[in-house]
Amino acid sequence: MSFFSHQIRRSFSSSAVRRVVIKNVTIIGGGQMGAGIAQVAASTGHSVTLVDTSEDILKKSVKGIEGSLKRVVKKKFADKPEAGEEFIQKVLQNVSTSTDPAAAVPTSDLVLEAIVENLNVKQDLFGRLDKLAPKHSIFASNTSSLPITDIASSTSRQDRFGGLHFFNPVPMMKLVEVIATSATSQETFDSLLNFSKALGKTPVSCKDTPGFIVNRLLVPYMMEALRLHERGHGSKEDIDIAMKLGAGYPMGPFELSDYVGLDTMKFIIDGWSEKDPDNPIFAQSELLNKLVAEGKLGKKTGEGFYKYK
Ligand SMILES: C[C@H](O)CC(=O)SCCNC(=O)CCNC(=O)[C@H](O)C(C)(C)COP(=O)(O)OP(=O)(O)OC[C@H]1O[C@@H](n2cnc3c(N)ncnc32)[C@H](O)[C@@H]1OP(=O)(O)O
Ligand SMILES: NC(=O)c1ccc[n+]([C@@H]2O[C@H](COP(=O)([O-])OP(=O)(O)OC[C@H]3O[C@@H](n4cnc5c(N)ncnc54)[C@H](O)[C@@H]3O)[C@@H](O)[C@H]2O)c1
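Residues numbered from 1 in each chain as written. Chains lettered and ligands numbered in written order. Predicted model: local features only at pLDDT ≥ 70, side-chain atom pairs only at ≥ 80, totals over all residues. Heavy atoms only, no water.

The name recorded for the protein chain in an unreviewed UniProt entry is Hydroxyacyl-coenzyme A dehydrogenase, mitochondrial, from Cyprinodon variegatus. The protein chain has a UniProt comment under Sequence similarities (unreviewed entry) that states "Belongs to the 3-hydroxyacyl-CoA dehydrogenase family." What UniProt records for the protein chain under Subcellular location (unreviewed entry) is the sentence "Mitochondrion matrix". (UniProt positions renumbered as here; feature names shortened; annotations may be inferred.)

Written out as structure tokens, the structure reads:
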């Protein structure tokens, strides 16, 4: 069955605009996801403005992009290092940075948010930008677990709002989940789908349900691994080895939790368990809560379940 036959039919809103060819992209949040999306968008010829709260963070983001690009060209231009260096410079020229989202959005075809996984913060951001972005501009969230409908509710462009959920590390992971709410217009959905393809990714169509497809399956599995360890049924090292060698996963659940970020994991599970407290697959992990309280958020802070150099 073709991908398109899975597409959800949506009603057309009277305020729907035509399909947007996305060239100018504003990405808010220059952390692991925002920087990764910026890198891939710039590598595929899009003009990107990356926004974060401070120049220091943005410097780190650009350094991260450069580091990742070096890894990409080492393979892609293995026999032509000069062409590889040229490619890196060209990609970096497509990226500008700003600490002022208001200044970045007036020329944006797409405003994509990859900031902290907190509904109020995301709503506040989009509510402010709604007044500043051009009418045709599409807004999208990279949220892992929050309803796109709730995030979009702070704007007056719900027909031009959808979810674009990328996977970590963005330059390597081929999937993008494209999420339509009941208000997302067909033109907006198609524009987001085409944008995902233009990035060289494979899109799948998702409904606006908790965790969409991947996280609804992946996060409960990761949480159960944590609780299995807490019950004393396996060391974290053995659980990781078991899932890599026995189930063919590239990373075990503890390694992957550290890679995703323990704060993000906690935001996801707290939100879901609050909404559905009696569901055992959304049960808390004391170990996760303890590590987050100690600021041990995984690879990005140098320590989580494991220690990193
Ligand atoms: C929670 C959210 O909402 C949703 C999510 O994102 S859930 C998380 C989804 N992601 C996953 O499940 C990731 C699982 N892990 C993997 O697929 C793999 O381990 C991986 C692709 C990250 C790394 O590959 P792996 O072979 O294990 O390790 P590694 O030796 O570090 O990398 C191999 C090559 O991949 C490439 N690579 C890996 N990470 C890269 C990056 N960030 N940028 C560019 N290239 C990269 C490089 O070519 C690298 O070779 P190098 O080390 O010589 O540069
Ligand atoms: N980490 C993952 O594996 C993963 C995968 C897919 C989706 N996501 C989602 O992507 C989003 C970002 O996750 P991340 O892992 O990149 O987090 P991160 O902590 O690495 O980065 C978040 C960045 O957003 C910035 N920020 C926070 N509030 C801001 C604001 N109001 N304006 C501008 N910048 C702001 C922070 O300074 C930080 O640099 C979250 O919604 C998360 O759930 C994460």
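Having seen the model, we can carry on.
Engineer: Which residues make up the site of ligand 2, and what values do they have?
Structural biologist: Contacts to ligand 2 come from 22 residues, most closely from Asp52, Glu117, Lys122, Ser144 and Val260. Within the backbone of Gln32, an N or O atom sits 3.1 Å from an oxygen atom of ligand 2. Isolated, ligand 2 exposes 840 Å² of accessible area, and the fraction of that covered by the protein chains is 85%. Its residues placed into classes, the shell around ligand 2 shows 8 nonpolar, 10 polar and 4 charged. (Near = heavy atom within 4 Å. Polar contact = N/O pair within 3.5 Å; in protein donor to acceptor, adjacent residues only side chain to side chain. Areas by Shrake-Rupley, 256 points an atom, 1.4 Å probe, with all protein chains shown as cover. Nonpolar A, V, L, I, M, F, W, Y, C, P; charged D, E, K, R; others polar.)

Engineer: Please set out the layout of surface pockets residue by residue, giving values where relevant.
Structural biologist: Its volume calculated, the second largest pocket comes out at about 370 Å³. Lining the second largest pocket are 20 residues, with Leu146, Pro147, Gly271, Trp272 and Lys275 positioned closest to its centre. Counting residues per element, the lining of the second largest pocket draws most heavily on helix H11 (residues 262-275), which supplies 7 residues. Residues from two domains meet in the lining of the second largest pocket; each of domain 1 (5-207) and domain 2 (216-299) gives at least three. (1 Å grid on protein atoms, 1.4 Å probe; cavity = no way out; pocket = protein on both sides within 12 Å on 5 of 7 lines; lining within 4 Å. Points joined across faces, edges and corners; volume = space filled by probe spheres on them. Helix = DSSP H or I, 4+ residues; strand = E, 2+ residues; numbered from the N terminus. Domains from an automatic or database assignment.)

Engineer: For the UniProt feature "binding site: NAD(+)" (unreviewed entry) in the protein chain, give the residues involved together with the corresponding values.
Structural biologist: When the UniProt feature table is mapped to this numbering, "binding site: NAD(+)" (unreviewed entry) covers Gly29, Gly30, Gly31, Gln32, Met33, Gly34, Asp52, Glu117, Lys122, Ser144, Asn168 and Lys300. Among the residues just listed, Glu117 line the second largest pocket. Looking at where Asp52 falls in the secondary structure, it is placed in the loop between strand S2 (47-51) and helix H2 (55-76). What Asp52 contacts, discounting residues up to four positions off in sequence, is Gly29, Gly30, Gly31, Ile57, Leu58, Ser98 and Thr99. In terms of polar contacts, Asp52 uses its side chain to reach the backbone amide nitrogen of Gly30, at 2.7 Å. Positionally, Glu117 belongs in the loop between strand S4 (110-113) and helix H5 (119-130). Contact partners of Glu117, with chain neighbours within four places excluded, come to Lys122, Thr143, Ser144, Ser145, Leu146 and Phe267. At 2.8 Å, the side chain of Glu117 forms a polar contact with the side chain of Thr143. (Contact = heavy atoms within 4.5 Å.)

Engineer: Describe the environment of Asp159, naming the residues involved and giving the relevant values.
Structural biologist: Within the secondary structure layout, Asp159 lies in the loop between helix H6 (148-152) and strand S6 (161-165). As a C-alpha pair, Asp159 and Thr181 span 22 residues in sequence and 8.6 Å in three-dimensional space.

Engineer: Can you explain the packing of helix H8 (residues 214-230) against H11? Please cite residues and give values.
Structural biologist: The contact between H8 and H11 brings their axes to 11 Å, and the two run at 100 degrees. Taken together, H8 and H11 sit at an angle that is classed as roughly perpendicular. Contact residues: H8 offers Asn215, Arg216, Val219, Pro220, Met222 and Met223, while H11 offers Met265, Ile268, Ile269 and Trp272. Its residues assigned to classes, the contact of H8 with H11 shows 8 nonpolar, 1 polar and 1 charged. (Axes fitted to C-alpha atoms, helices over the stretch in contact; angles between N-to-C directions. Parallel < 35°, antiparallel > 145°, perpendicular 65-115°, else oblique.)

Engineer: How would you sum up the sheet that holds strand S3 (residues 95-98)? Please name residues and give values.
Structural biologist: Think of a sheet as strands paired side by side through backbone hydrogen bonds, with each pair either parallel or antiparallel. Taken together, the 8 strands give an open sheet; going across it, the order is S3-S2-S1-S4-S5-S6-S7-S8, and neighbouring strands pair in mixed fashion. For this open sheet the edge positions go to S3 and strand S8 (202-207), each flanked by a neighbour on one side alone. Across the sheet, the axes of successive neighbouring strands diverge by a mean angle of 25 degrees, strand direction being ignored. Each of S2 and S3 touches H2; the most contacted strand, S2, lies at about 135 degrees to it. (Pairing = 2+ DSSP bridges.)

Engineer: Would you mind going over the domain arrangement of the protein chain in detail, with residue names and values included?
Structural biologist: The assigned domain composition of the protein chain is domain 1 (5-207) and domain 2 (216-299). The straight-line distance from the C-alpha centre of domain 1 to that of domain 2 is 27 Å. The interface is formed by 9 residues belonging to domain 1 together with 8 residues belonging to domain 2. For the pair domain 1 and domain 2, the summed buried area comes to about 670 Å², and 56% of that belongs to carbon and sulfur atoms. (Buried area = accessible area lost by both parts, 1.4 Å probe.)

Engineer: How would you summarise the UniProt feature "binding site: CoA" (unreviewed entry) in the protein chain if you had to cite specific residues and measurements?
Structural biologist: The UniProt record marks Ser68, Lys75 and Ser144 with the feature "binding site: CoA" (unreviewed entry), using the residue numbering of this structure. Spatially, the listed residues are scattered: they cover 77 residues, and their C-alpha atoms lie as much as 29.9 Å apart. As for its placement among the helices and strands, Ser68 is situated in helix H2. Classification of Ser68 by relative accessible area gives buried; the value is 18%. Once residues within four sequence positions are removed from consideration, Ser68 is found in contact with Gln39 and Pro171. A polar atom in the side chain of Ser68 sits 3.0 Å from the side chain of Gln39. If we ignore the near neighbours within four places in the chain, the residues touching Ser144 are Glu117, His165, Gly211, Phe212, Asn215, Thr264 and Ile268. (Buried < 20%, exposed > 50% of the residue type's maximum accessible area, 1.4 Å probe, protein only.)

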